[in-house]
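# Structural characterization, general
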Amino acid sequence: MEQINKGKEMDFDAVVIGAGFGGLYSVHKLRNELGLSVQAYDKGSDVGGTWYWNRYPGAMSDTESYLYRFSFDKELLKEWSWKESYLMQPEILEYFNHVADRYDLRRSYQFDTKITATRFDEGTNLWHVTTDKGETVTARYLITGLGLLSATNVPNFKGRDTFKGEQYHTAAWPKEGIDLKGKRVGVIGTGSTGVQVIIHTAPEVEHLTVFQRTAQYSVPAGKRPQSEEELNEIKANFGAIWEQAKNSAVAYGIEESTRPLASASKEEQERIFEEAWNKGNGFRFMFETFGDITTDYEANEAAANFIRNKIKSIVKDPETARKLCPTGLYAKRPLCDIGYYETFNRDNVSLVDVKANPIVEITPKGIRTTDGEYELDVIIYATGFDAVDGNYTKIDMRGRGGVRMREKWADGPTGYLGMTNTDFPNLFMILGPNGPFTNLPPSIETQVEWIADTIKHLVDNNLTTIEPTIEAEEEWVETCRNIANQTLFAKEDSWIFGANIPGKKQSVMFYMGGLGNYRKILKEIGYSNFIFDRELANVE
Ligand code: FAD
Ligand code: NAP
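Residues numbered from 1 in each chain as written. Chains lettered and ligands numbered in written order. Predicted model: local features only at pLDDT ≥ 70, side-chain atom pairs only at ≥ 80, totals over all residues. Heavy atoms only, no water.

## A word on the packing of aromatic side chains
Going by this rule: Aromatic contacts are taken between Phe, Tyr and Trp rings whose centres are within 6.5 Å, Trp giving its six-membered ring; a plane angle under 30 degrees counts as stacked, one over 60 as edge-to-face, and the others as tilted. Working definition: helices are DSSP H or I runs of at least four residues, strands are E runs of at least two. Numbering for both runs from the N terminus. For the exposure calls, accessible area comes from a 1.4 Å probe over protein chains only, and a residue counts as buried if that area is under 20% of its type's maximum, exposed if over 50%, partly exposed in between.
Inspection of the entire model under this criterion finds 44 aromatic pairs. Here Trp51 and Tyr68 contribute two aromatic rings whose centre-to-centre distance is 5.8 Å and whose plane-to-plane angle is 80°, an arrangement assigned as edge-to-face. Here Trp51, found in helix H2 (residues 50-53), pairs with Tyr68, found in the loop between H2 and helix H3 (74-79); they are 17 residues apart in sequence, far enough to count as distant. On the basis of relative accessibility, which here comes to 12%, the residue Tyr68 falls in the buried class. Residues Tyr416 and Phe530 carry aromatic rings whose centres are separated by 5.4 Å and whose planes lie at 55° to one another, so their mutual orientation is tilted. Taken together, the residues Tyr416 in the loop between helix H13 (405-408) and strand E18 (427-429) and Phe530 in strand E22 (residues 530-532) connect sequence positions 114 residues apart. Taking the relative accessible area as the measure of exposure, Tyr416 reaches 3% and is therefore buried. By way of ring pairs, the aromatic residues Phe21, Tyr25, Trp51, Tyr68, Phe70, Phe72, Trp80, Tyr95, Phe96 and Tyr103 are connected into one cluster.

What follows is the structure, given as structure tokens:
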């Protein structure tokens, strides 16, 4: 395809923001395959996205290694190997570096550059993209791979700046690492991140104090070395493996069960849970055991109770075990770990229940809760993210008629198919609101491929802009809401619904109908719910 900015009507055909899975694949598709001129940005100093920022001890994917990667290049799939059934952060970053070199992606990037504003100009149908360096460039298409778990959430505790020790959010971990040896360390937060950082810092530090607000259900990850034989078998079957994953619901390489829990005897239930516990992986435990754990209260309680019994059998101190046992539904993104509950049997680890005794303030010496002051040298915030729209609302994004994205999303972010938005022509979001809730690389690939196909369609047909109809967007949001409300996820507060950020309006931010169905929908609708060249369409 010909480069379309030849007449210099604009600086670039496309601007891509982000250098994670989404941004990198977009640059490859648009520049290397479609031949467009692309300028890309990331506020980080290099590629990797999530894995550039999250360098905390123990950072690991919980998608198994063979499915936490790109699938678009069969040769790359065959060539690049992995050591264990899960990937640790350094290995993922190495993969991203390899990908960037292989497709020569870095030359399109300007790193250490934050995008602060994006404005759609209706006169020229171009996006004006402004950086924190004061530079503005124009482009026909704007592709945002800003990350859905990327904008950090650091609670605004009173006295935070008075702390005399060191404090870090896990997703802003210094590249050079932090020497925690012999230090008194406090970790706030026990989500997926907290669990990993707790396990990995405990053996190193003098004392680890864990500040837990809500106890979590976690199952073993089942991390193990990957034998050469297994590797070869996976590589020989990659075609079928990816076909299955992309057509399943959560894309974790599992066959999701459709069997209701009630159809199994108590003994059989126990056996199935025990097998899943021994095999490992949170998504496997939640979705491969029975088909109604996330939709039926009794099935959910059976799974929850099984995990609670495991906690009680692992943790030696009954009071600590009691605090670690969750009381709510098993209905957040499922966790898995490599020895979380066991860590609380160590003499140098203690657990503070900050739901019973909330954090009052950060003091120069440490953390004060309602039951006393805990003296610390280092505070680690494993307090999560302003998920999905967090990075969007930081940018001053304006669409048609100057509509501000932040205002449009005041009641919760929305997107048609998780990729497009009315009033924002030629804006293509990767993992934007109301996109699939899955193992993410296959969803990202699905979206980037749809975006590239759509841009090609525009160019081939001499069309300038595309945007969804209001009706289609509203209907899609309603579909997402209906599906989510049929699940128990909607009954638990978590980042999935924006419930973790004080003051953020809770809303349905995902399509929970599964990647297979999502892909079918993309195929079936084609461009029937979109308007091309809106102003011309209005004139006719
Ligand atoms: P990201 O990798 O988040 O990249 C977004 C990039 O955009 C960042 O580099 C950021 O610097 C840049 N950016 C944002 N705003 C701006 C701006 N204004 N200007 C310039 N640059 C900007 N998902 C899974 O499916 N399986 C897992 O096992 C898994 N493990 C995870 C573990 C951790 C610790 C975390 C935090 C997340 C995990 N996730 C996992 C989710 C993970 O974020 C996705 O899998 C995937 O990496 C997202 O890729 P992305 O390209 O969409 O976004
Ligand atoms: P999270 O799940 O949102 O957990 C944040 C933790 O911080 C929760 O325990 C929360 O308690 C606590 N917290 C927040 N504000 C607090 C406050 N003011 N006082 C006390 N505690 C507070 O965030 P996360 O652990 O970073 O995980 C987010 C997502 O990232 C995961 O669900 C997953 O998708 C991804 N991730 C994946 C992996 C992996 O294994 N592959 C690893 C890390 C992250 P409450 O529960 O009470 O709110």
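## Here's the deal with the site of ligand 2
Selection rule: Here a residue counts as near a molecule or strand whenever at least one of its heavy atoms sits within 4 Å of it. Here a polar contact is taken to be a pair of N or O atoms separated by no more than 3.5 Å, where protein atoms must pair a possible hydrogen donor with a possible acceptor and residues adjacent in sequence count only if both atoms sit in side chains. Here the open area of atoms and residues is found with the Shrake-Rupley method and a 1.4 Å probe, where only the protein chains shown may cover a residue. Each residue receives one of three labels: charged for Asp, Glu, Lys and Arg, nonpolar for Ala, Val, Leu, Ile, Met, Phe, Trp, Tyr, Cys and Pro, and polar for the others, Gly being one of them.
Near ligand 2 lie 23 residues; those nearest to it are Thr193, Arg213, Thr214, Arg333 and Trp495. The side chain of Arg333 places a nitrogen or oxygen atom 2.9 Å from an oxygen atom of ligand 2. Look at ligand 2: alone it shows 920 Å² of surface, and the protein chains cover 86% of it. Of the residues forming the shell around ligand 2, the biggest block, three residues, is contributed by helix H5 (residues 192-201). By residue class, the composition of the shell around ligand 2 is nine nonpolar, 10 polar and four charged.

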